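Spelled out from the first residue to the last, the chains are:
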Amino acid sequence: MSALIRFFTKILDICRLVPMLPVVVIAAIPLALLGDWRPWGNAMAIPVLGNPGFGQWLVIALVLIIVIDTVRGMIDDLRHGQVGVDVLAVVAILSTVAVHEYWASWAVMLMVTSGEAIEEYAQAKAEHSLTALMEAAPQTAHVVGLPGVGRGSAGDAGRVAGAGDASEGFLRVSQAATASSAHRFDTVPVEQVQLGDVLMVLPGETVPVDGELLSGTATLDLSNINGEPVPREVFAGARVMSGAVNGSTALTMRATQVAADSQYQRILELVASAQESRPAVVKTADRLAVPFTVLSLVIAGVAWAVSGVPTRFAQVLVLATPCPLLIAAPVAYIAGTGRLAAAGVLIKAQDVLENLGRVTQVFFDKTGTLTVKQPQVVRVEMLPGAATQFDGDHVLMMAGVVESYSVHILSKGIAKAGTEAMARLRRQSENDGRPCPESDAVWFGVGREHPVVKGINEEAGKGVSGEVNGHVVRVGRLSFAAAGKDGFLTAGNADPTGPRHDPRPGTEAAGGTEEDVRTRFGLLQPDEMASYVSIDGRLIARIVLRDVPRANAGTALAKLHALGVAKLAMLTGDKRASADIIANEVGIDEVHAELFPEDKVAAVKSAAEDGNAVTMMVGDGVNDAPVLAVADIGVAMTDGTSTAASESAQVVIMTDDIAAVPRAIAIARRTKRVMLQAVIVGLALAVIGMIAAAFDLIPVVVGAFLQEAIDVVSILWALTALIDRD
């Protein structure tokens, strides 16, 4: 029963899209029952039309309405620079009336109106991913109006305070209660939000504009922005992006952008520009429709002239359908745009979709594109000869805790590794009762759930220090981590949990110079960097970090080669040695290192000098703006926290996933292939049908319905671009 209800609901939706469709369908009843009924006798005989019956007059009236509407649409298309070729439908329907084939007239009208309905339905289905994005756009915002908060708070407070004659600027208790309970927020259109407004976002609502979180914490669903499936927890001071969906608790935020400049609005502008544009191949299809129209008229005219039967002209024209060119081609491209949007890839124009399928060379930025955005921990090296009860996970945990308070470029990588080490330590303690290295047994799962931290201090350019679970931890440069109160290195094999003392030169604990300590650790690779760690005044370890390739970078680049991309190149300002290491790991063919921005531009321009080359540049969309602009296709990768709609990029990957690059190319190629198939199949069937009709093998009425079937086949074939076969 529910399936039947859904079916009729879809039928009603289609009828609302094209109101003339049910009218034409119903007109078949009086045409069948009252077609030859003439209560007026011969009083209404007209040249050419003769003396139609009641039902036939209804068909003629509908023909006039549809012809006028179609001609108006053709004129509008011409005004917008598109070729109006619905002249075939107009001539066909008028010719069937002229030869008194009213059932054929009804069939052609059904073809026109149902074709419009099919086009609307196909467009809606193809645009599903895009329209879902647009429908989720925030429309209103709650501007907080509490005293002391939001717009005009100072003025409001002054007016209320002035109401009490003996208040001396203070509110009476009753007045304060009245003011605070007057209203908490005003709901206004999102366009009226001003910079600095304090906004409240209720549970389940969409964040209206970009802003800064004022609440202590919030859980946000960013799937509309970057496809991230798991809600993200953010804290006070974090950037809150428009389009994110709030979790189960209300949040307050301060607007830092107006609606027009916010993240979601930029995404919508990309979507709108892609929907309104017409790719070159579709424009070509429009142009091909003109010679097809001429060919159809020639076949129809020759058939009439040779046979001497005017009906033959109508027989041919009812089968002449430019639908595969006018509808199937754009439907296929919109379907491809929808698939890209569903994959987290937004394009600024449908021409980009066509160029994507022709890419021959791809340039990649290194840091943040081929690699993760921050250096990652690759290993922990314990200082040889330094006795300690702590292992690598304990060192990482303590270093990660203090680094989580730092803003240094290496801090995020160490903090992330520290969190992972903390989880491993907790699991070990819970699973096998691993003995705690601390004498008072206050480790994870034993006496303390989380580390106790205090005394955090960061010295710019040197390192960060603090106390973790009672241990003094220093992380940073070697000189910072290893220095004691007297400035000497304290590396050695003394017990790190014992009492602190100042070792003298010549004692067992003496560590020597910085170079001596570096030699004991060993040499770093060209692409590695290190932070040194001391605990309780003893240098005991070195944390080694490096630019780590994205986990799927090698696979993504291999897919590009499989798709026929001839050359993959890296453009980076990094040192040659570091660039070569990453290039070898991910499968880059050509490395251009130690480049300035103008050098990157020159490299891409040089590749584009080959007339057959179509170049793509993949970067972060901000630092690589010049080279993104000069490439045939500029691709900006973002996780939604940076400016998605870079003016320089034609394509924006919202998922920050390098695997989206080969996927976008595969989708583009399949879209063009499906479009060409739909056009060729539709036109071939139409031409075969017209030739058959010219030899009187297909009656007028049958031809009209056959033409409708050709349209349906062509459009359905175009919609297969939505199917994921890549």
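Just so you know, these numbers come straight off a predicted model, no measurement behind them. (Residues numbered from 1 in each chain as written. Predicted model: local features only at pLDDT ≥ 70, side-chain atom pairs only at ≥ 80, totals over all residues. Heavy atoms only, no water.)

K.L.:
How should helix H22 (residues 597-608) be read in this particular structure?
P.N.:
For the α-helix, the turn length of 3.6 residues means that residues three or four positions removed from each other point alike. Taking 1.5 Å as the rise per residue, H22 with twelve residues should run 16 Å; its terminal C-alpha atoms sit 17 Å apart, in good agreement. Within the span of H22, buried status applies to Lys-600, Val-601, Ala-603, Val-604 and Ala-607. One face of H22 carries all of its buried residues, which in axial projection span an arc of 160°. (Helix = DSSP H or I, 4+ residues; strand = E, 2+ residues; numbered from the N terminus. Expected span 1.5 Å × (residues − 1). Buried < 20%, exposed > 50% of the residue type's maximum accessible area, 1.4 Å probe, protein only. Arc of directions from axis to C-beta.)

K.L.:
Please explain the packing of aromatic side chains as it appears in this structure.
P.N.:
Centre-to-centre distance and the angle between the planes together describe a pair of aromatic rings. Summed over all chains, the structure comprises five aromatic pairs. Geometrically, the ring pair formed by Trp-37 and Phe-54 is edge-to-face, given 5.8 Å between the ring centres and 65° between the ring planes. Highlighted residues: Trp-37 in the loop between helix H2 (20-34) and helix H3 (54-79) and Phe-54 in helix H3, separated in sequence by 17 residues. Residue classification places Trp-37 among the partly exposed positions, given a relative accessible area of 44%. (Phe/Tyr/Trp six-rings, centres within 6.5 Å; stacked < 30°, edge-to-face > 60°.)

K.L.:
How should the sheet that holds strand E8 (residues 245-246) be read in this particular structure?
P.N.:
Note: strands within a sheet are paired through backbone hydrogen bonds, in either parallel or antiparallel orientation. Taken together, three strands build an open sheet; the order of strands is E6-E5-E8 and the sheet is antiparallel. The open sheet has two edge strands, strand E6 (232-235) and E8, and neither has a second partner. Across four bridges, the pairing between strand E5 (residues 217-221) and E6 is antiparallel. Its bridge partner being in E6, Thr-219 is matched across the sheet by Glu-233. (Pairing = 2+ DSSP bridges.)

K.L.:
Which parts of the structure should I look at to understand the environment of Ala-255?
P.N.:
When you line up the elements, Ala-255 lands in strand E9 (residues 251-255). Taking relative accessible area as the criterion, Ala-255 reaches 4% and is therefore assigned buried. Dropping the residues within four chain positions of it, Ala-255 is found in contact with Val-193, Gln-194, Leu-195, Gly-196, Asp-197, Leu-199, Val-209, Asp-210 and Gly-211. (Contact = heavy atoms within 4.5 Å.)

K.L.:
Just to check I follow, could you spell out the environment of Pro-39 for this structure?
P.N.:
Relative to the helices and strands, Pro-39 is located in the loop between H2 and H3. Along the backbone, Pro-39 and Gly-53 are 14 residues apart, and their C-alpha atoms lie at a distance of 8.5 Å.

K.L.:
Even after reading the chapter, I still don't get the packing of helix H24 (residues 660-694) against helix H25 (residues 700-719), so can you show me in this structure?
P.N.:
In helix packing, the relevant descriptors are the interaxial angle and the interaxial distance, both defined with respect to the helix axes. At a minimum axis distance of 8 Å, the contact between H24 and H25 shows a crossing angle of 170°. Taken as axis vectors, H24 and H25 run roughly antiparallel relative to one another. Contact residues: H24 offers Val-674, Gln-677, Ala-678, Val-681, Gly-682, Leu-685 and Ala-686, while H25 offers Ile-710, Val-713, Ser-714, Trp-717 and Ala-718. Taken together, the residues of the contact of H24 with H25 sort by class into nine nonpolar, three polar and no charged. (Axes fitted to C-alpha atoms, helices over the stretch in contact; angles between N-to-C directions. Parallel < 35°, antiparallel > 145°, perpendicular 65-115°, else oblique. Nonpolar A, V, L, I, M, F, W, Y, C, P; charged D, E, K, R; others polar.)

K.L.:
Would you mind showing me how to read helix H4 (residues 87-98) here?
P.N.:
Look at H4: 16 Å from first C-alpha to last across twelve residues, which is about the 16 Å you get at 1.5 Å a residue. For H4, the set of buried residues is Leu-88, Ala-89, Val-90, Ala-92, Ile-93, Ser-95, Thr-96 and Val-97. Remark: His-100 follows H4 within two positions and exhibits a positive phi of approximately 65°.

K.L.:
What should I look at first to understand the nonpolar core in this one?
P.N.:
In a soluble, globular protein the nonpolar side chains are often hidden away together inside. Ranked by size, the top nonpolar core spans 100 residues in total, and within it Trp-106, Met-109, Leu-356, Phe-364, Leu-557, Ile-588 and Met-616 carry the most contacts. Ranked by residue count, the leading element in this core is H24, at 15 residues. If near-sequence neighbours (up to four positions away) are discounted, Met-616 is found in contact with Leu-356, Val-359, Gln-361, Val-362, Phe-363, Ala-631, Ile-633, Val-635, Val-661 and Ile-665. Counting 24 residues, the second-largest nonpolar core is a separate cluster that includes Met-397, Leu-425, Ala-541 and Ile-543. (Core = buried A, V, L, I, M, F, W, Y, C linked by side-chain atoms within 4.5 Å.)

K.L.:
How do you make sense of the pairing of strand E14 (residues 463-468) when you look at a structure like this?
P.N.:
Burial analysis of E14 places five of its six residues in the buried class, which makes it a mostly covered element. Of the pairings in the sheet, the one linking strand E13 (residues 453-459) to E14 comprises five bridges and is antiparallel in character. Within E14, the residue paired with Val-453 across the bridge is Val-468. As consecutive antiparallel partners, E13 and E14 are separated by three residues, and within that stretch Gly-461 has a phi angle of approximately 80°, a positive value. With six bridges connecting them, E14 and strand E15 (residues 471-476) associate as antiparallel partners. By the bridge assignment for E15, Val-468 is matched with His-471. Linkage of E14 to E15, two consecutive antiparallel strands, is achieved through a turn of two residues, within which Asn-469 is found at a positive phi near 55°.

All quantities given are derived from atomic positions and should not be read as evidence of function.
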